[in-house]
Amino acid sequence: QVQLVESGGGLVQPGGSLGLSCAASGSIFSLYEMGWYRQAPGKQRELVAAIRSGGRTTYVDFVEGRFTISRDKAKNTVYLQMNNLKRKDTAVYYCNEEVQISKGTIPGDYWGQGNQVTVSS
């Protein structure tokens, strides 16, 4: 019913920049909160940043000032611009979107397929 397709990521040197995007398609009536999570090897998945339908953003401390989350409502897409990347940012990044598929239904959580971000010299 709803698919999230991520793009971007890859390999970058410390201090470099990368961008991620996540486009939702399918049966979409409305989008609510959209966010990015990451999971490093041997660690639990953790929230990186989130943006609400009104545009209010939330960042975790370890990316504050370096990462920027944004959204394009017309394209049902959420973005994550990552600057001044550090080795500890290496992880698989997942997008998450809260999607209402029709009027009157309860929004559900949907996940992208995950994209690898590797920060290494």
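Refer to the preceding data block for the structure.
Predicted model only: the values in this text are computed from it and were never measured.

## Details of the state of the cysteines
Here is step 1: Taken as a whole, this structure holds 1 disulfide when the rule is applied.
Here is step 2: Covalently, Cys22 is tied to Cys95 through a disulfide, its sulfur atoms 2.0 Å apart. Taking the torsion about the S-S bond as the criterion, the Cys22 to Cys95 disulfide, at about 50°, is right-handed. In this pair, Cys22 is assigned in strand β3 (residues 18-26) and Cys95 in strand β9 (residues 91-100), connecting sequence segments 73 residues apart.

## Here we look at the environment of Ile51
Here is step 1: Along the chain, Ile51 turns up in strand β5 (residues 46-51).
Here is step 2: Taking the relative accessible area as the measure of exposure, Ile51 reaches 5% and is therefore buried.
Here is step 3: The contacts of Ile51, once residues within four sequence positions are left out, are Tyr32, Glu33, Met34, Arg56, Thr57, Ile69, Ser70, Arg71 and Val78.

## Some points on the packing of aromatic side chains
Here is step 1: Per the stated rule, a full pass over the model turns up 1 aromatic pair.
Here is step 2: In this structure, Arg45 packs its charged tip against the face of Tyr94, placed 3.7 Å from the ring centre.
Here is step 3: The aromatic ring of Trp111 is capped on one face by Arg45, whose charged end is 4.7 Å from the ring centroid.

## What to know about the pairing of strand β4 (residues 30-39)
Here is step 1: Pairing between β4 and β9: 8 bridges, direction antiparallel. Within β9, the residue paired with Trp36 across the bridge is Cys95.
Here is step 2: As judged from the 5 bridges shared by β4 and β5, these two strands associate in the antiparallel manner. Bridge pairing in β5 links Trp36 to Ala49.
Here is step 3: Counting the residues between successive antiparallel strands, the hairpin from β4 to β5 contains 6 residues, one of them, Gly42, with a positive phi of roughly 80°.

Rules used in this analysis
- Residues numbered from 1 in each chain as written.
- Predicted model: local features only at pLDDT ≥ 70, side-chain atom pairs only at ≥ 80, totals over all residues.
- Heavy atoms only, no water.
- Disulfide = S-S within 2.5 Å.
- Helix = DSSP H or I, 4+ residues; strand = E, 2+ residues; numbered from the N terminus.
- Buried < 20%, exposed > 50% of the residue type's maximum accessible area, 1.4 Å probe, protein only.
- Contact = heavy atoms within 4.5 Å.
- Phe/Tyr/Trp six-rings, centres within 6.5 Å; stacked < 30°, edge-to-face > 60°.
- Lys NZ or Arg CZ within 6 Å of the ring centre and 35° of its normal.
- Pairing = 2+ DSSP bridges.

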